[in-house]
Protein chains: 2
Amino acid sequence: MITRADIEQARTRIEGRIRRTPVIGVDPGTFAGPAWVKLEFLQHSGSFKARGAFNRILAALADGELDPAVGTVAASGGNAGLAHAFAAAELGVPCTVFVPTTASAVKLARIERQGARIIQVGTEYADAYDAAVVQAEDSGALFCHAYDQPAIVAGAGTIGLELLDEVDGFDTVLVAVGGGGLMAGVATALAGHARVVGVEPVTAPTLTEALAAGGPVDVAVSGVAADSLGARRLGEIAYDVAVATGVGSVLVTDEDLLAARRTLWDYRRIVVEHGAAAPLAALLSEAYVPVPDERVVVVLCGANTDPSDLV
Amino acid sequence: MITRADIEQARTRIEGRIRRTPVIGVDPGTFAGPAWVKLEFLQHSGSFKARGAFNRILAALADGELDPAVGTVAASGGNAGLAHAFAAAELGVPCTVFVPTTASAVKLARIERQGARIIQVGTEYADAYDAAVVQAEDSGALFCHAYDQPAIVAGAGTIGLELLDEVDGFDTVLVAVGGGGLMAGVATALAGHARVVGVEPVTAPTLTEALAAGGPVDVAVSGVAADSLGARRLGEIAYDVAVATGVGSVLVTDEDLLAARRTLWDYRRIVVEHGAAAPLAALLSEAYVPVPDERVVVVLCGANTDPSDLV
């Protein structure tokens, strides 16, 4: 488990490295009570993952776990890979990213542009993950998990601390859940202050299934948000935090995600990736219905997407 | 001429009707000194024009100039048309928008979705404008200019007052110039506090040519930003304010606009229309070079654009 103190340390550690992202108000009357949206997709590398990546690398540099001559290894053809490549480049640390051969060419080009070495292994994420772990063990490089390491979760949790500064009183924070790093960090940061609800596609229900099974279990993953919320199972840290802090789970359909993403463009000129639209989708589809006067915050956590279907 | 008092009245008048848009910091080291970006494209109707539209209609309702049974008339197939249709619908006032037959089908559909009546006249903006003026005179409807009326300029100027609250000390504000309503409003609001620089495409140099000629003159208009900065001549109010407050003019090329718009997407996941990229283009292309420690604010004023070329 991680603690709020871990997140406060993370905030100090990554200050000046990450962007503090703004919060905007939702137009009055849109929902039952006041609501806010945190524009975390404006973060470096296009998603919240930069927070955990910087925290993991900086903490490991400070305590000697990371040899800056050897560098880091990550496995992800998506947001985590982009964030690790960005953070490593900023900190002058060599970085290798393992991806399956099916990873998006656009994202691979972006990862490569940061100077990371890319190794393509297998056709599934699990193949790339296994190869990354072996490489880290063999080379002595620092393995950076996409979501299930304390420093990664603590980095994501700094979003919760920022919300306490930015929003004057709120009851509930809705976040998207894939592996659960964002949810776990924010729920730990806000324990005793606000509740956290995890929103996930019916096509990738890692939190829902973990809560039902009494622990993380593999789920089948598909759908429009699979590129960002496509983790096959919830992280162990995420499960423990969800149970300890009472995080609820809400499911949305692919149609809900598409509609919420389009609404953000049509009425706000905001572009997000499909997975990042999940918390707003829960509100718009009424999969989550706030009680009267419930003060709700939605975190929009990523925009590594192709906007061409929004015309 | 308008005064700062006009803008303060506008702020009170439109409060609760318009969105207060956030300001974000530019990453340290990007320019010579600190810099900020105001995300005004998050405004209702996708551009700053909603501010002037609400102010014009609300002021005319208050003083009896607008008969709510007769309504308003505007001429614009672009941002001003969208904003007027939005504001009129919100205020329950009938609205007619004159557009040339060449106006974008996407924008017309958006205007129509607000419930406005659209009348297509001629192949050039000037034809639609002339028809709108005649219709307003014949019907007694309130004519709402796209940029050259005091209430329109004062509404846009509320952006300047917001900046005084949002940014703790700045020297220069860079804004895009088409007809000059935004520039004139912000320059009036900030007179004595900060200087304003107007940035315009070399393909639509209304401010540059007006300053050279000693008054607004018709210019040839073309280029990638013509849909938003395509006014053929600077407004009279804008010219008077520019001279009185010492607004400078900077020109950027279409290539500069394209590069700045792409940079915003690649490094910030922000989508703006080509014209709205003008102030950032001036900085990135070094058409405008801040002196050391000059504190600069960039206003991103609209995002009524097709994002599909940003893939």
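This one's a predicted model, so the numbers in the text were calculated from it and none came from an experiment.

Student: Can you tell me about the side chain of A:Lys49, naming the residues and giving the values?
Tutor: All names here are of chain A. Mapped onto the elements, Lys 49 comes out in helix H2 (residues 49-62). This buried residue, Lys 49, is left without a salt bridge; Glu 273 holds the nearest opposite charge, at 8.7 Å. A polar contact of 2.9 Å, which involves the side chain of Lys 49, links it to the backbone oxygen of Ala 146. Setting aside its immediate chain neighbours within four residues, Lys 49 contacts Asn 79, Ala 80, Ala 83, Ala 146 and Tyr 147.

Student: With reference to specific residues and values, describe the pairing of strand E5 (residues 117-120) of chain A.
Tutor: All names here are of chain A. Here four bridges tie strand E4 (residues 95-99) to E5, and the two strands are oriented parallel to one another. Note that in E5 the partner of Thr 96 across the bridge is Arg 117. Read as a crossover between parallel neighbours, the route from E4 over helix H4 (residues 105-113) to E5 is right-handed.

Student: Residue-level account of the interface of chain B and chain A, with values.
Tutor: Counting residues at the interface gives 27 residues for chain B and 27 residues for chain A. Here chain B and chain A share an interface that buries about 2,300 Å² over both sides, 56% of which is from carbon and sulfur atoms. When the buried area of chain B at its contact with chain A is split by residue, B:Arg19, B:Trp265 and B:Arg269 rank highest and sum to 27% of it. If you look at where chain B meets chain A, you find four salt bridges. Among the salt bridges present, the one from A:Arg110 reaches B:Asp266, with a minimum N-O distance of 3.8 Å. For the pair chain B and chain A, the interface holds eight residue pairs in polar contact (both at pLDDT 80 or more). Elements that contribute at least two residues to the side of chain B that touches chain A include exactly helix H4 (105-113) and helix H11 (254-268) of chain B. Considered class by class, the residues forming the side of chain B that touches chain A number 13 nonpolar, six polar and eight charged.

Student: So, the relation of the copies chain B and chain A: which residues are in play, and what are the values?
Tutor: Each copy superposes on the other: chain B lies on chain A with an RMSD of 0.0 Å after a rotation of 180 degrees and an axial shift of 0.0 Å. Each copy turns onto its partner about a two-fold axis. The position closest to the rotation axis in chain B is occupied by the C-alpha of B:Ser308, lying 1.8 Å away. Take the interface residues of chain B: 100% of them recur as interface residues in chain A, which is what a same-surface contact looks like.

Student: Explain the pattern of salt bridges to me, using residue names and the numbers behind them.
Tutor: Applying the stated criterion to the full structure yields 36 salt bridges over all chains. Two residues, A:Asp165 and A:Arg11, come together in a salt bridge whose shortest N-O distance is 3.6 Å. Taken together, the residues A:Asp165 in helix H6 (residues 150-166) and A:Arg11 in helix H1 (residues 4-14) connect sequence positions 154 residues apart. The salt bridge involving B:Arg262 is made with B:Asp266; its shortest N-O contact spans 3.4 Å.

Student: Go over the packing of aromatic side chains, please, and point to the residues and values.
Tutor: Going through the model one piece at a time under the given rule, you end up with six aromatic pairs over all chains. Relative to A:Phe86, the ring of A:Phe54 lies with its centre 6.0 Å away and its plane at 85 degrees, an arrangement referred to as edge-to-face. One end of the pair, A:Phe54, is in helix H2; the other, A:Phe86, is in helix H3 (residues 79-91), and 32 residues separate them in sequence. Residue classification places A:Phe86 among the buried residues on the basis of a relative accessible area of 12%. Measuring from centroid to centroid gives 5.6 Å for B:Tyr129 and B:Phe143, while their planes differ by 85 degrees, and the two rings are edge-to-face. Taken together, the positions of B:Tyr129 in helix H5 (residues 125-139) and B:Phe143 in strand E6 (residues 142-144) put the pair 14 residues apart, joining distant regions of the chain. Taking the relative accessible area as the measure of exposure, B:Tyr129 reaches 26% and is therefore partly exposed. Taken together, the aromatic side chains of A:Tyr125, A:Tyr129 and A:Phe143 make up a single cluster linked through ring pairs. Here the basic side chain of A:Arg269 rests over the ring of A:Trp265, its NZ or CZ set 5.7 Å away from the ring centre.

Student: Summarise the domain arrangement of chain A; cite the residues concerned and give the values.
Tutor: Residue and element names in this part refer to chain A. Taken domain by domain, chain A comprises domain 1 (4-48 + 150-310) and domain 2 (50-144). Once you take the C-alpha centre of each, domain 1 and domain 2 turn out to be 23 Å apart. Across the boundary between the two partners, domain 1 contributes 27 residues, which contact 20 residues of domain 2. Approximately 1,800 Å² of surface area, both sides summed, lies buried where domain 1 meets domain 2, with 53% of it carried by carbon and sulfur atoms. Our enumeration of links across domain 1 and domain 2 arrives at four salt bridges.

Parameters and conventions
- Residues numbered from 1 in each chain as written.
- Chains lettered and ligands numbered in written order.
- Predicted model: local features only at pLDDT ≥ 70, side-chain atom pairs only at ≥ 80, totals over all residues.
- Heavy atoms only, no water.
- Helix = DSSP H or I, 4+ residues; strand = E, 2+ residues; numbered from the N terminus.
- Buried < 20%, exposed > 50% of the residue type's maximum accessible area, 1.4 Å probe, protein only.
- Lys, Arg positive; Asp, Glu negative; His and termini not counted.
- Salt bridge = Lys/Arg side-chain N within 4 Å of Asp/Glu carboxyl O.
- Polar contact = N/O pair within 3.5 Å; in protein donor to acceptor, adjacent residues only side chain to side chain.
- Contact = heavy atoms within 4.5 Å.
- Pairing = 2+ DSSP bridges.
- Right-handed = clockwise from strand over helix to strand, strands pointing away.
- Buried area = accessible area lost by both parts, 1.4 Å probe.
- Nonpolar A, V, L, I, M, F, W, Y, C, P; charged D, E, K, R; others polar.
- Least-squares fit on C-alpha atoms with pLDDT ≥ 70 in both.
- Phe/Tyr/Trp six-rings, centres within 6.5 Å; stacked < 30°, edge-to-face > 60°.
- Lys NZ or Arg CZ within 6 Å of the ring centre and 35° of its normal.
- Domains from an automatic or database assignment.

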